[in-house]
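Each chain, written out:
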Amino acid sequence: GQSLEQPSEVTAVEGAIVQINCTYQTSGFYGLSWYQQHDGGAPTFLSYNALDGLEETGRFSSFLSRSDSYGYLLLQELQMKDSASYFCAVRGDDKIIFGKGTRLHILP
Amino acid sequence: GAVVSQHPSRVICKSGTSVKIECRSLDFQATTMFWYRQFPKQSLMLMATSNEGSKATYEQGVEKDKFLINHASLTLSTLTVTSAHPEDSSFYICSASGQGNEQFFGPGTRLTVL
């Protein structure tokens, strides 16, 4: 079957760095995406990795290892506004599958 | 980034009525549009994928006769929830993609069926 696993919750301190992991099992693989969703809002795109390695976009970075079926989202210099849910999503042969989301709590 | 709009943002209807939700890509041509449903504190569940000018592909377990999808142009897709019931109350989100791999999400429509 196809599945994505990511932690349900992560807590970090403002200004710190946090890593959200995602492991996947899919039929075919065309890329791993990350989305941010604040309560009551729609998801917004953060990053996309099709090849192994690290992609950096400002305070956010995303990493992919296709051989390990693993990726992570790295958030640096955490701000209170980063409190949200973060979803990894994988594009497989047939469709895009979303993980269940990681709720990020940020402490002042 | 590209902009996707949804209308209405919120709708309350009586059980048995039908509700139409529009999804528009405002500044790009969306070759593919996706419809998702999200229950509180849960992930997005893909309902169907639609390509302009062809029939939508529904995910397993999604009733195509209940959730009618029309993708008549490269900028507009509609989802009609027919004979809505309280269990259909949810957050419905569309997304659109053009030539690239990124999906652009609409702001969502919160449906409440009384």
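Every value quoted in this text rests on a predicted model; they were computed, and no experiment measured them.

Q: What's the story with the environment of Ala 84 of chain A in this structure? I'm lost.
A: Residue and element names in this part refer to chain A. Relative to the helices and strands, Ala 84 resides in strand β9 (residues 84-91). Ala 84 sits 34 residues away from Ala 50 along the chain, and the two C-alpha atoms are 24 Å apart. Non-local contacts of Ala 84, meaning those with residues more than four positions away in its chain, are made with Gln 36, Gln 37, His 38, Thr 102, Arg 103 and Leu 104.

Q: Explain the packing of aromatic side chains to me, please; I cannot follow it from the model alone.
A: What describes a pair of aromatic rings is the distance from one ring centre to the other and the angle between the planes of the rings. Using the criterion set out here, one finds 13 aromatic pairs over all chains in the structure. Measuring from ring centre to ring centre gives 5.1 Å for Tyr 35 of chain A and Phe 105 of chain B, while their planes differ by 85°; the resulting arrangement is edge-to-face. Here Tyr 35 of chain A is found in strand β4 (residues 31-37), whereas its partner Phe 105 of chain B is found in strand β10 (residues 104-105) on a different chain. This pair shows no difference in class: Tyr 35 of chain A is buried, exactly as Phe 105 of chain B is. Ring geometry for Phe 98 of chain A and Tyr 36 of chain B: centres 5.3 Å apart, planes at 85°, overall edge-to-face. Taken together, the positions of Phe 98 of chain A in strand β10 (residues 96-98) and Tyr 36 of chain B in strand β4 (residues 32-38) put the pair across two chains. On the basis of relative accessibility, which here comes to 0%, the residue Tyr 36 of chain B falls in the buried class. Three or more aromatic residues link up through ring pairs in this structure, and these residues are Tyr 35, Phe 45 and Phe 98 of chain A together with Phe 34, Tyr 36 and Phe 105 of chain B. Seen from the ring of Phe 67 of chain B, Lys 66 of chain B lies directly overhead, with NZ or CZ sitting 5.9 Å from the centre.

Q: Would you explain the interface of chain B and chain A in this entry?
A: A common measure of how large an interface is: the accessible area buried when the components associate. Between chain B and chain A, the residue contacts involve 18 residues of the former and 15 residues of the latter. When chain B packs against chain A, close to 1,300 Å² is buried across both sides, 58% of that on carbon and sulfur atoms. Taken together, the connections running from chain B to chain A amount to zero salt bridges. When residues of the side of chain B that touches chain A are traced back to their parent elements, those giving at least two are β4 and β9 (90-97) of chain B. A total of three residues in the side of chain B that touches chain A trace back to one element, the largest contributor, which is β4 of chain B. Class assignment for the residues of the side of chain B that touches chain A results in eight nonpolar, seven polar and three charged.

Q: Honestly, the side chain of Thr 49 of chain B in this entry has me stumped. Any pointers?
A: All names here are of chain B. Along the chain, Thr 49 falls in strand β5 (residues 45-51). For Thr 49, a relative accessible area of 15% translates into the label buried. When residues no more than four places from it in sequence are discounted, the contact partners of Thr 49 are Thr 32, Met 33, Phe 34, Ala 56 and Thr 57.

Q: What am I meant to see in the environment of Tyr 35 of chain A here?
A: For Tyr 35 of chain A, a relative accessible area of 1% corresponds to the buried category. In this structure the C-alpha to C-alpha distance between Tyr 35 of chain A and Leu 73 of chain A, which are 38 residues apart in sequence, comes to 9.8 Å. With residues up to four places along the chain from it excluded, the contact list for Tyr 35 of chain A reads Pro 43, Thr 44, Phe 45, Leu 46, Ser 85, Tyr 86, Phe 87, Ala 89 and Phe 98 of chain A together with Gln 103 and Phe 105 of chain B.

Q: How should I be thinking about unusual backbone geometry in this particular structure?
A: As a rule of thumb, non-glycine residues mostly have phi less than zero, and peptide bonds are mostly trans rather than cis. For the peptide bond that leads from His 7 of chain B to Pro 8 of chain B, omega is 0°, which places it in the cis range. Examined against the element boundaries, Pro 8 of chain B turns out to sit in the loop between β1 (4-7) and β2 (10-13). Positive phi is not limited to glycine here, since Ser 69 of chain A has a value of about 50°. Looking at the secondary structure, you find Ser 69 of chain A in the loop between β7 (60-65) and β8 (70-75). Among the residues examined, Ser 69 of chain A registers a relative accessible area of 25% and is labelled partly exposed. Of note in the backbone geometry, Ser 83 of chain B takes a positive phi value of approximately 45° without being a glycine. Locating Ser 83 of chain B in the fold gives a position in the loop between β8 (76-81) and β9. For Ser 83 of chain B, a relative accessible area of 34% translates into the label partly exposed.

Cut-off values and rules
- Residues numbered from 1 in each chain as written.
- Chains lettered and ligands numbered in written order.
- Predicted model: local features only at pLDDT ≥ 70, side-chain atom pairs only at ≥ 80, totals over all residues.
- Heavy atoms only, no water.
- Helix = DSSP H or I, 4+ residues; strand = E, 2+ residues; numbered from the N terminus.
- Contact = heavy atoms within 4.5 Å.
- Phe/Tyr/Trp six-rings, centres within 6.5 Å; stacked < 30°, edge-to-face > 60°.
- Buried < 20%, exposed > 50% of the residue type's maximum accessible area, 1.4 Å probe, protein only.
- Lys NZ or Arg CZ within 6 Å of the ring centre and 35° of its normal.
- Buried area = accessible area lost by both parts, 1.4 Å probe.
- Salt bridge = Lys/Arg side-chain N within 4 Å of Asp/Glu carboxyl O.
- Nonpolar A, V, L, I, M, F, W, Y, C, P; charged D, E, K, R; others polar.

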